[in-house]
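A closer look at the structure
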Amino acid sequence: MRIAVVREVAPGEARVALVPEVITRLVAAGYEVAVEPGAGRTALVGDEDYTAAGAIVTETPVADAAVVASVQPLPPDVLPSGSATISFFPAGSRLTEVAARRDRQITTFGMEYVPRISRAQSMDALSSQALVAGYRAAIVAAGRLRQFFPLNMTAAGTIPPAQVVVLGAGVAGLQAIATCKRLGAVVKGYDVRAAAAEEIRSMGAVAIDLELPTLEGAGGYAREMTEDRAELQRELLTPYVAAADALITTAAVPGRPAPMLVTRTMVEQMRPGSVVVDLAADSGGNVEGVQPGSVVAIGNAQVWGGFNVASQLPAPASRLYAHNVGNVITLMTRDGAFAPDFADEIVAGMCITHAGDVLHGPTRDALA
Ligand code: NAD
């Protein structure tokens, strides 16, 4: 049975879905893996590395494929009817494609729908890519700030450390905190979840306490704020933002646009040379006025808007993503063949279309 790995075509997408070390494992499990020439180039994997891992490099990897692995979704018309795809698949914004996939009998698995349960941790691509993005956010902030992050005590005098504030302390935020700490900054973090304060402290940062109720919804995720709460939270965060040399925001609420945590007026109170990095820019933004993929000036600060940030470190992001995808394929393999068990919670959770039907409830409702 063939697994195809394609060259990504979405603008700015530098990752690849499978890397050689995972392919070796899939070949040993009985699969044929076909890779499009140059598929791994931007992620620093050569065609010869794929060949050495036992893959076939061919211009037509998708032909006869049972499974097509990619990072971004492929258009339905390039997929063999009856095949399965494994990629990120933001179903809510791709309803026409969902209908076309249903009609072509394509089985669609969306990596962002892997349930956040212990058994699925090795398949959790949202977490693996958030980790990469959080690290990158810290490095962008350190690189753009025209100051040291660490304290420097020298014979020529003492330079104080940078003050960093991180809003949103999920996977990306905690990684940003850890990276800023390693670089020597003084870091404060804030999140609305009850467990977050302890997690922030465990990274060696100060947990900001606004003395507001925590906001937790289903599955331990954050709930959306009411407008009153949002207003109060912004007011209470204003002095922390004003005192920061670098502000990193990573807040998200599943299925909703990113919460607006920082107004333009708050950014205008930051000192000359300050840096704001908004990882949520491509889902609405935590910072008013941010633009995904660009740097804009607001007051004295430069505001960097993230866009597909994990792809900015394509080699480690691809490696982690490939392990996630490889583990999904392994879960769906029975006796050397691709045979997903739709009674399995993970398989069912991540399946959008199958056998001429839309199985993902919210997407089915949106199409009705
Ligand atoms: P996410 O990307 O959905 O959100 C990022 C962070 O923003 C979250 O910590 C959230 O609480 C925070 N946030 C939302 N609204 C906010 C606001 N108004 N102000 C400040 N912060 C706000 O989250 P994520 O990083 O994917 O993970 C969040 C939770 O899921 C964590 O509890 C994490 O430990 C848990 N998780 C569990 C698993 C697992 O069990 N397999 C895997 C990954 C994450």
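Relevant structure appears above.
Residues numbered from 1 in each chain as written. Predicted model: local features only at pLDDT ≥ 70, side-chain atom pairs only at ≥ 80, totals over all residues.

**Considerations on the overall build of the protein chain**
Helix and strand counts for the protein chain come out as eleven helices and 19 strands. Scaling as 2.2 N^0.38, a compact globule of 368 residues should have a C-alpha radius of gyration of about 21 Å, and the protein chain matches this with 22 Å. Taking as baseline every contact in the protein chain between residues at least 6 positions apart, the subset at least 24 positions apart corresponds to 65%. (Helix = DSSP H or I, 4+ residues; strand = E, 2+ residues; numbered from the N terminus. Rg over C-alpha atoms; globule rule 2.2 N^0.38 Å. Contact = placed C-beta atoms within 7 Å.)

**A short note on helix 3 (residues 95–103)**
For helix 3, the complete set of buried residues consists of Glu97, Val98, Arg101 and Arg102. Within helix 3, the buried residues cover an arc of 140° as seen down the axis, which keeps them to one side. Exposed side of helix 3, more than 90 degrees from the buried face: Thr96 and Asp103 are the residues found there. Buried residues along helix 3 sit in contact with strand 6 (107–110), strand 18 (351–354), strand 19 (357–358) and helix 11 (361–367). Residue Gln105 follows helix 3 closely and has a positive phi angle near 60°. (Buried ≥ 20, exposed ≤ 12 C-beta atoms within 10 Å, placed from the backbone. Arc of directions from axis to C-beta.)

**As for the site of the ligand**
The local shell around the ligand holds 29 residues, among which Gly168, Gly170, Ala222, Ala251 and Ala252 are the closest. Of all the elements in the fold, those that place two or more residues in the shell around the ligand are helix 4 (125–144) and helix 5 (171–182). Classifying every residue of the shell around the ligand gives 18 nonpolar, seven polar and four charged. (Near = placed C-beta within 6 Å. Nonpolar A, V, L, I, M, F, W, Y, C, P; charged D, E, K, R; others polar.)

**Here's the deal with the pairing of strand 15 (residues 301–305)**
Counting buried positions over the five residues of strand 15 gives four, a clear majority of the element. Relative to strand 15, strand 13 (residues 275–278) runs parallel, the two sharing four bridges. Each residue of the ladder has a partner; that of Val277, found in strand 15, is Trp304. Here strand 14 (residues 295–298) pairs with strand 15 via four bridges, running antiparallel. Bridge pairing in strand 15 links Val296 to Val303. Taking the residues that link successive antiparallel strands as the turn, the strand 14-strand 15 hairpin has two residues, and the phi of Gly299 there is positive, at about 55°. (Pairing = 2+ DSSP bridges.)

**Re the packing of helix 1 (residues 20–28) against helix 9 (residues 314–331)**
The interhelical angle for the contact between helix 1 and helix 9, taken along N-to-C directions, is 15°, at an axis separation of 9 Å. With respect to their mutual orientation, helix 1 and helix 9 come out roughly parallel. Here helix 1 runs over helix 9; the crossing is right-handed. Two secondary-structure elements touch here, helix 1 through Val22, Arg25 and Leu26 and helix 9 through Ala322, His323, Gly326 and Ile329. Classifying every residue of the contact of helix 1 with helix 9 gives four nonpolar, two polar and one charged. (Axes fitted to C-alpha atoms, helices over the stretch in contact; angles between N-to-C directions. Parallel < 35°, antiparallel > 145°, perpendicular 65-115°, else oblique. Left-handed = near helix turned anticlockwise from the far one by under 90°.)

**Things to note about the environment of Gly356**
Here Gly356 is to be found in the loop between strand 18 and strand 19. According to the C-beta neighbour criterion, Gly356 is exposed, with 11 such atoms within 10 Å. Remark: the alpha-carbon pair of Gly356 and Arg271, spanning 85 residues in sequence, is separated by 57 Å. The residues touching Gly356, leaving out its near neighbours within four places in the chain, are Arg102 and Gln105.

**Regarding the sheet that holds strand 5 (residues 84–87)**
With mixed pairing, eight strands are arranged side by side in an open sheet as 3-2-1-4-5-6-18-19. The outermost strands of the open sheet, each flanked by one partner alone, are strand 3 (56–57) and strand 19. Sheet topology places strand 6 next to strand 18; two bridges connect them, and they run antiparallel. What sits directly across from Thr108, in strand 18, is Thr353. Across the sheet, helix 3 touches strand 6, strand 18 and strand 19, and the angle it forms with strand 18 is around 45°.

**Quick notes on the nonpolar core**
With 113 residues, the main nonpolar core has Ala137, Val164 and Ile177 as its most contacted residues. If you tally residues by element for this core, the top one is helix 4, at eleven residues. Apart from the residues lying within four places of it in its own chain, the contact partners of Ile177 are Val166, Ala169, Val187, Gly189, Ile200, Met203 and Ala205. (Core = buried A, V, L, I, M, F, W, Y, C linked by C-beta atoms within 7 Å.)

**Quick notes on unusual backbone geometry**
One non-glycine residue with positive phi stands out, namely Asp64, at about 65°. Mapped onto the elements of the fold, Asp64 is located in the loop between strand 3 and strand 4 (65–69). What makes Asp64 partly exposed here is the crowd of 13 C-beta atoms within 10 Å.

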